[in-house]
Amino acid sequence: MPRSTRRRPALVHPAVEEIDLYDVLHALSDPTRMTIVRVLRSEPERACGTFPVDVAPSTLSHHFKVLRESGVISQREEANRRFSALRTVELERRFPGLLDTVLAALARNEPGGEFGEQSGDEPGAEPAWHG
């Protein structure tokens, strides 16, 4: 049977000035999407099916769509693969420090993280902020 000649819909990427803070925060509120963001923070670009997440391919596609349409990532197609990259420069220009702050807060809240070890905290003292 011949392959379909239908093309996939064009990928939607908002312009920098259209990136909305609420959409970005929503996109960053999911653990799977944060895993994607953390991986992309350390790698400039990665093929979509190669992320260390345990979700169905259709669910992963949904997570990429949320990240892309919120302006957090960009995607490009090459043959039958889709590659993702973090829009670090654009996000920093639109919301300075946001991505670093969210990633740092996530690291502090993970088991074994540095939660409560910020300057000014007494060793063993209750942290000032609870996530």
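Here the structure is shown first, and the text comes after it.
Residues numbered from 1 in each chain as written. Predicted model: local features only at pLDDT ≥ 70, side-chain atom pairs only at ≥ 80, totals over all residues. Heavy atoms only, no water.

**As for the pairing of strand β2 (residues 73–78)**
Here comes step 1: Sheet analysis places β2 next to strand β3 (residues 81–86), joined by 6 bridges and oriented antiparallel. When the sheet's bridge partners are listed, isoleucine 73 is paired in β3 with leucine 86.
Here comes step 2: In sequence, β2 turns back onto β3 through a hairpin of 2 residues, with alanine 79 there showing a positive phi of about 55°. (Pairing = 2+ DSSP bridges. Helix = DSSP H or I, 4+ residues; strand = E, 2+ residues; numbered from the N terminus.)

**Things to note about the packing of helix α2 (residues 31–42) against helix α3 (residues 57–70)**
Here comes step 1: In contact at an axis separation of 10 Å, α2 and α3 are set at 70° when each is read in the N-to-C sense. Of the possible angle classes, the one that applies to α2 and α3 is roughly perpendicular. Note that α2 runs across α3; the crossing there is right-handed. Two secondary-structure elements touch here, α2 through Thr32, Arg33, Ile36 and Val37 and α3 through Leu60, His62, His63, Phe64, Val66 and Leu67.
Here comes step 2: By residue class, the composition of the contact of α2 with α3 is 6 nonpolar, 3 polar and 1 charged. (Axes fitted to C-alpha atoms, helices over the stretch in contact; angles between N-to-C directions. Parallel < 35°, antiparallel > 145°, perpendicular 65-115°, else oblique. Left-handed = near helix turned anticlockwise from the far one by under 90°. Contact = heavy atoms within 4.5 Å. Nonpolar A, V, L, I, M, F, W, Y, C, P; charged D, E, K, R; others polar.)

**Quick word on the pattern of salt bridges**
Here comes step 1: Tallied over the full model, the rule gives 7 salt bridges.
Here comes step 2: Notably, a salt bridge pairs arginine 38 with glutamate 110, separated by 2.3 Å at the nearest N-O pair. With arginine 38 in helix α2 and glutamate 110 in the segment after α5 (98–109), this residue pair connects regions lying 72 residues apart in the sequence.
Here comes step 3: Owing to a relative accessible area of 39%, arginine 38 belongs among the partly exposed residues under this scheme.
Here comes step 4: You can call glutamate 110 partly exposed: its relative accessible area is 29%.
Here comes step 5: Between arginine 82 and glutamate 77 there is a salt bridge, with its nearest N and O atoms 2.5 Å apart.
Here comes step 6: What you see here is one network of salt bridges that share partners, running through Glu45, Arg76 and Glu78. (Salt bridge = Lys/Arg side-chain N within 4 Å of Asp/Glu carboxyl O. Buried < 20%, exposed > 50% of the residue type's maximum accessible area, 1.4 Å probe, protein only.)

**Digging into α2**
Given 3.6 residues to a turn, an α-helix orients residues that are three or four positions apart in the same direction.
Here comes step 1: In this model, α2 (12 residues) spans 17 Å end to end at C-alpha, consistent with the 16 Å of a helix rising 1.5 Å per residue.
Here comes step 2: Where α2 is concerned, the buried positions are Thr32, Arg33, Met34, Ile36, Val37, Val39 and Leu40.
Here comes step 3: The N-terminus of α2 is capped by aspartate 30, whose side-chain oxygen sits 2.9 Å from the backbone nitrogen of threonine 32. (Expected span 1.5 Å × (residues − 1). Polar contact = N/O pair within 3.5 Å; in protein donor to acceptor, adjacent residues only side chain to side chain.)

**Examining the nonpolar core**
Here comes step 1: In this structure, Val24, Leu28, Val37 and Val72 are the most contacted members of the largest nonpolar core, which totals 25 residues.
Here comes step 2: Those elements that place two or more of their residues in this core are α1 (21–27), α2, α3 and α5.
Here comes step 3: Among the elements that line this core, the one with the most residues is α2, at 5 residues.
Here comes step 4: Each residue touching valine 72, except ones within four places of it in the same chain, is listed here: Val24, Ala27, Leu28, Val37, Leu67, Ala85, Leu86, Arg87 and Leu91. (Core = buried A, V, L, I, M, F, W, Y, C linked by side-chain atoms within 4.5 Å.)

**Focus on the packing of aromatic side chains**
Here comes step 1: A full pass over the atoms with the stated rule returns 1 aromatic pair.
Here comes step 2: With a centroid separation of 5.4 Å and an interplanar angle of 65°, the aromatic rings of phenylalanine 51 and phenylalanine 64 are classed as edge-to-face. Taken together, the residues phenylalanine 51 in the loop between β1 (46–47) and α3 and phenylalanine 64 in helix α3 connect sequence positions 13 residues apart. Take phenylalanine 51 and phenylalanine 64: they sit in the same class, and that class is buried. (Phe/Tyr/Trp six-rings, centres within 6.5 Å; stacked < 30°, edge-to-face > 60°.)

**Points about the environment of leucine 91**
Here comes step 1: Along the chain, the position of leucine 91 falls in helix α4 (residues 88–94).
Here comes step 2: On the basis of relative accessibility, which here comes to 6%, the residue leucine 91 falls in the buried class.
Here comes step 3: Between the C-alpha atoms of leucine 91 and glycine 71, which are 20 residues apart in sequence, the distance is 7.7 Å.

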